[in-house]
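Residue-level listing of the chains:
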Amino acid sequence: MAHIETLVNGHILEIKVNRADKHNALSPEMYLDLARALGELNRNPELRVALLHGEGKHFTSGVELDKWAPIFGNGKGFEVPAGEVDPFGLFGERHRKPIVMAVQGNCFTWGVEILLNTEVRVAADDTRFAMLEVKRGIFPCAGATLRLPRQMGWGAAQRYLLTGEFWYAEEALRTGLVQEVVPAGQQLAKAREIAEQIAKAAPLAVQNVLKSTRMAWNEGEAVAAQLLFKDLHPVMQSEDAAEGVRSFIERRDAVFVGR
């Protein structure tokens, strides 16, 4: 993986975008490397959460448009090999375990769209966001038109999608696009702290929280409600549920094993 570095840190899969000399511009090869990393997150039972971040001053300046133009124009969308996971969550199986993301500097186009497909987001206070596609003769095709209006609100999202204007970390926090804003340089430490908290929680419970909330978001509350107790039953029969009860009675921190 030429521009993606992965590191297993306990139950956390750290994924670093490392093409700082190009401001982490997304190439098709980088996209496939991200898909492989998220495929490993899904497959490896020891992994409970991913931490996604970028090397350098900027999370990303955007995409290598000249390399992507033929793909955007093929009418097929993103093609993900078997066993891998589309980082934008549009095609094929989605990631089943949470992703915590840290951003800084410029977070443009695909950076916003992959952020929209993560669960918890931390931004440095120097972060500026932008969806620049309308200035390049195209429109966003990796999820922003589908998700940004729901996450930021209709008017705010339309303003930035239709104009290509910048918006900044405090606006992202105010509208719920990110959950934490910290001084520049502290974003990765804060994101890692959150990832560690998730990694200590019961894996089956965490994964079913993600499944249930995602279903309610996409399919509606009524559909999700029909599966609540069906999905809860095997979790309640797990070793982790028994450990949760024991630790509560014994007044100690639980140690979960994912079974």
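The structure under discussion appears in the preceding block.
Here is a short report on the structure shown in this document. (Residues numbered from 1 in each chain as written. Predicted model: local features only at pLDDT ≥ 70, side-chain atom pairs only at ≥ 80, totals over all residues. Heavy atoms only, no water.)

The topology assignment puts L13 in strand β2 (residues 12–17). Sequence separation of L13 and P234 is 221 residues, and the distance between their C-alpha atoms is 26 Å. Other than its neighbours up to four places away in sequence, L13 contacts T6, L7, V8, A37, L41, L47, V49, A50 and L51. (Helix = DSSP H or I, 4+ residues; strand = E, 2+ residues; numbered from the N terminus. Contact = heavy atoms within 4.5 Å.)

Moving on to the packing of helix α4 (residues 144–152) against helix α5 (residues 154–163). As a packed pair, α4 and α5 sit with axes 6 Å apart at the nearest point and diverge in direction by 140°. Judged by the inter-axis angle, α4 sits oblique to α5. Considering only the axes of α4 and α5, their crossing is right-handed. Here A144, T145, L148, P149 and M152 of α4 lie close against α5, whose contacting residues are W154, A156, A157, Y160 and L161. Looking at the contact of α4 with α5, its residues break down into nine nonpolar, one polar and no charged. (Axes fitted to C-alpha atoms, helices over the stretch in contact; angles between N-to-C directions. Parallel < 35°, antiparallel > 145°, perpendicular 65-115°, else oblique. Left-handed = near helix turned anticlockwise from the far one by under 90°. Nonpolar A, V, L, I, M, F, W, Y, C, P; charged D, E, K, R; others polar.)

What follows deals with the sheet that holds strand β4 (residues 99–103). Strand order in the open sheet formed by six strands is β1-β2-β3-β4-β6-β9, and the pairing between neighbours is mixed. In this open sheet, the two strands that pair with only one neighbour each are β1 (4–9) and β9 (180–182). With direction set aside, neighbouring strand axes in the sheet form an average angle of 20°. Summarising the sheet, β2 and strand β3 (residues 49–54) pair through six bridges and their orientation is parallel. Residue pairing across strands places L13 opposite A50, the latter belonging to β3. (Pairing = 2+ DSSP bridges.)

Here we come to the sheet that holds strand β5 (residues 106–108). Pairing is mixed in the open sheet, where three strands are placed in the order β5-β7-β8. With partners counted over all chains shown, the strands left at the sheet margins are β5 and β8 (167–168), one partner each. Across three bridges, β5 lies against strand β7 (residues 128–130) in parallel orientation. Bridge pairing in β7 places C107 opposite F129.

A cluster of nonpolar side chains, contributed by L228, F229, L232 and M236, occupies part of the molecular surface with about 430 Å² of accessible area. Tracing the backbone shows M236 in helix α9 (residues 221–236). (Patch = residues over 30% accessible without salt bridge, like charges linked within 9 Å, V, L, I, M, F, W, Y side chains within 5 Å. Areas by Shrake-Rupley, 256 points an atom, 1.4 Å probe, with all protein chains shown as cover. Salt bridge = Lys/Arg side-chain N within 4 Å of Asp/Glu carboxyl O.)

Take the pairing of strand β6 (residues 120–124) next. By the criterion of burial, β6 is predominantly enclosed, with five of the five residues buried. In terms of strand pairing, β4 meets β6 through four bridges, oriented parallel. Bridging from a neighbouring strand, V100 pairs with V120 of β6. Across three bridges, the pairing between β6 and β9 is parallel. Bridging from a neighbouring strand, A124 pairs with V182 of β9. (Buried < 20%, exposed > 50% of the residue type's maximum accessible area, 1.4 Å probe, protein only.)

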